[in-house]
Structures are given as structure tokens and as C-alpha cells.
Amino acid sequence: MELMVLLNALVTRLLFVLHSLIGVWRVTAVKKEPKYWLLALLNLLLCLETGLTLKFKQGRGYKWFSPAIFLYLICIVPSLWLLEIHHGTQYCGNEPGAVQVNVSNQDFNQSRDSSHGSEGTDHHIIQTAKVFVNQLSTICETVWTLALHQTFLLLLVVGRWLLPIGVEITRDQLSQLLLMFVGTAADILEFASETLDIEDVRKNYALINAILAVWTWSMLQFPLDLAVQHIGCKPSASARRIPSLLLCRYSAELWNIGVSLFIQDGPFFIVRSILMGHFRIFNQMLVFFTAKNILVVTLQLYRLAVITLDFRATVVQKSRKGEVCCCPCEPYEARAHPTSQQENEMKEFVAFPPKEESQAPSEDH
């Protein structure tokens, strides 16, 4: 096992655990009930996954799926739910915070002047930690919650970057995936902060739960790597059907379209449309991002139509040449001798072939 692979695997999971524990601490501080520390037990799943990954995968990732990211979601999402549902009304003014910081710094300077020697150094470190914790405690709840949301999404991207990649995914594919995650994380953060900050939404607990449910559903795309990986054809592709061939050739593109329509932009558009249409909630940013979701959904449907027409044209061209499969990995024997089932599917699929361009009339001389 390479040392860097081991170090990256351990450091990334340690960051996940620390961030999850900070979220549990904030929930316990806000609710003022120690029983919420039980949420920290969810990190045992991540510790178990770490041990299994180091033992059986030598610290490297899995194909198409990241268990570490998925378990990190399980650890941190319940804390964010509780913080958003509570949504304290603590005042976030600048002046009270500044007074508290000045008093803390004065106490810190006095304790530093009165400390000498090794014991004074230890006391100095302890006092510094106390001052730091006291200053963190003065930050209002809404700022804490937003900061946890932001660091959560940033840590998802950075953690996926640091996690050792498996043999199935290349560095080029990983770079594409990280760029997609950055844009996705920005959209998800905007959706959660923009909709939950509306005053009329905060008064309706059903709306809060619905928005958080859609937000949680959109997070499920982060553990998956299908957006940059092609499924590929198996050698026994002679019995494949038309949908299987389409998925074989455009697996990554179809996954991106499916994520946008059913996991991110589609659900976001539905929620925003309900807010404007049923609850009569309007503001400039809500209207803008609703229009943005409509545009993205329309472009994804257009992309799906382009892919389907391109695949259909390829099938028509190959069927005229006596071939069936459009996958380059299928052996020639399977393409040269199609089965009766494939012939029937081809006849149905190319029943209406694309029109050929008419030849231009010849010029008279």
C-alpha cells in the first residue's frame, strides 16, 4: 500500500468526522440537550468503512460509488436538518460581538502576563483554547448554520479530490467530476439558502420539511461517479436490445441528463413553482432562479432529443450496411449475423428513417 494513498484516505475521513462532530456540537448547544450527542455515533459507520477500505481495497475507491462520501452525508445531514428546523432568532449584530471579543482579548492578555515558565505556557494554551471557544459561542445560530452548509459542500468537493481514486476512473475523469461538483454545490447552496431565508417559508413547517427533503435528495448525486464513466459493452452484446445499445454508447450523457431532470433542476423547479403558484411567494431572486431551472430543463430535454436522433441515424446507417450493433466493442460476428429479435427491433426503430436531402438539380449548359 502506498504511503500517500493511505495518508489521503485517512486524512479525508478524519476531516469528515471532525466536521460531523462540529455539527453535532452545534445541535447540542442550540437544543441544550445532551442526548443529541448520540448523533455522533453515526461516525462509527464511517470508521467501519475506513477499516474495510484499507483492508480490502488498500485505501482506494470503488467503481461508480464512494462509500465514504455517502456515509459522510449520513453523519452530517441529520444535524443540518435539526439546525434548519430550529432556526433560532439570536441577534446577529456587530456591536455586541465586538464588545465580547474585546473583553475576551483583555482577559487573555492579563492571563498571558501573569503566566511564567512551563506551567505558564500550559496555562497560556488552555486559556487560548477557552477564549477561542467563547468567541465561537458568541456567533449567532443563523451564521453557524450557513457556515456549516458552506463548509459541508466545500468539503464534499475537496474530500472527493483527496480521496484515492480507483483503477476504474482516470485523473481526467476525476477533474471533470470535480468541476461538475463545484457547479452543483453552488446551485444546491443557493437553493437551500435562498428558499429557507424567505420569511413566509419559515412560518410553514411543512414547507421547511419539503425543501429540506428536496435538498437531501439532491445530495445523493455526490457519492456517484457515473457522470464521467461509460458503462461499456460486454462481449455478449449480440443479444442486446436498442435501449441497451443506447445506454452503452451514451451512458455518461444520459446520467447527466437524468441527474438534472430528476435529482436537481427538475425538483428545484417544482419547489419554486409551488412557492410562487400556490403560496404566492414572489421575490426577484426566486423568479430568476426559477427561470434558470426552466432553461436548464429545456436544454437537457433538447440534448436528449439530439442524442436520440444521432443514435437513430447511426442505427439506420449500420442497418443499411448489414450491421446491427453501434458499440465498437462488439465482435464482428455478432454484427454481421444479427438475431431475429434484433432484426425485429431494428425494423421498429427505423420504421421512419430520417429524410435524405434531395439532390440539387443539375444546371443546364
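Residues numbered from 1 in each chain as written. Predicted model: local features only at pLDDT ≥ 70, side-chain atom pairs only at ≥ 80, totals over all residues. Heavy atoms only, no water.

Before going further, it helps to spend a moment on the packing of aromatic side chains. Ring pairs (aromatic) are described by centroid distance and by the angle formed between their planes. Going through the model one piece at a time under the given rule, you end up with eight aromatic pairs. Consider the rings of F65 and F70, whose centres lie 5.8 Å apart with planes at 50°: the pair is tilted. A residue is classified by how much of its surface remains accessible, and F70, at 32% relative accessible area, is partly exposed. Each ring, one from F152 and one from W215, has its centre 6.2 Å from the other, and the planes form 65°; the classification is edge-to-face. With F152 in helix 6 (residues 141-162) and W215 in helix 9 (residues 205-219), this pair connects stretches of sequence that are 63 residues apart. The class for F152 is buried, based on a relative accessible area of 0%. Directly above the ring of W25 sits R26, whose terminal nitrogen or CZ lies 5.2 Å from the centroid. (Phe/Tyr/Trp six-rings, centres within 6.5 Å; stacked < 30°, edge-to-face > 60°. Buried < 20%, exposed > 50% of the residue type's maximum accessible area, 1.4 Å probe, protein only. Helix = DSSP H or I, 4+ residues; strand = E, 2+ residues; numbered from the N terminus. Lys NZ or Arg CZ within 6 Å of the ring centre and 35° of its normal.)

Of note, N43 is situated in helix 2 (residues 43-56). In terms of polar contacts, N43 uses its side chain to reach the backbone carbonyl oxygen of A40, at 3.0 Å. In this structure, N43 is in contact with V17, S20, L21 and C75, ignoring residues within four places of it in sequence. (Polar contact = N/O pair within 3.5 Å; in protein donor to acceptor, adjacent residues only side chain to side chain. Contact = heavy atoms within 4.5 Å.)

This paragraph deals with the UniProt feature "transmembrane region" (unreviewed entry) in the protein. UniProt marks residues 6-24, 36-52 and 64-83 with the feature "transmembrane region" (unreviewed entry), using the numbering shown here. Between the C-alpha atoms that bound residues 6-24 there is a distance of 27 Å. The span itself is 100% helix and 0% strand. Strand forms 0% of residues 36-52 and helix 59%; the C-alpha atoms that close the span are 28 Å apart. (UniProt positions renumbered as here; feature names shortened; annotations may be inferred.)

Moving on, we come to the packing of helix 2 against helix 3 (residues 67-86). Look at helix 2 against helix 3: their axes get within 8 Å of each other, and the N-to-C directions meet at 170°. With respect to helix 3, the axis of helix 2 lies roughly antiparallel. Between helix 2 and helix 3, the contacting residues are N43, L45, L46 and E49 on the first element and P67, A68, L71 and C75 on the second. Class assignment of the residues belonging to the contact of helix 2 with helix 3 gives a composition of six nonpolar, one polar and one charged. (Axes fitted to C-alpha atoms, helices over the stretch in contact; angles between N-to-C directions. Parallel < 35°, antiparallel > 145°, perpendicular 65-115°, else oblique. Nonpolar A, V, L, I, M, F, W, Y, C, P; charged D, E, K, R; others polar.)

Turning our attention to the pattern of salt bridges. Where charged atoms from two side chains of opposite charge approach closely, those side chains can pair. Enumeration according to the criterion identifies nine salt bridges in this entry. When salt bridges with common partners are traced through the structure, they connect D187, D265 and K292 into a single cluster. (Salt bridge = Lys/Arg side-chain N within 4 Å of Asp/Glu carboxyl O.)

Among the surface-exposed residues, M4, L7, V11, L15, V158 and L162 lie close enough to one another that they form a single nonpolar patch of about 460 Å² accessible area. Sorting the residues of the nonpolar patch by element identifies helix 1 (3-31) and helix 6 as the ones contributing at least two each. Ranked by residues supplied to the nonpolar patch, first place goes to helix 1 with four residues. Within the element layout of this structure, L162 appears in helix 6. Residue class for L162 comes out partly exposed when judged on its relative accessible area of 32%. (Patch = residues over 30% accessible without salt bridge, like charges linked within 9 Å, V, L, I, M, F, W, Y side chains within 5 Å. Areas by Shrake-Rupley, 256 points an atom, 1.4 Å probe, with all protein chains shown as cover.)

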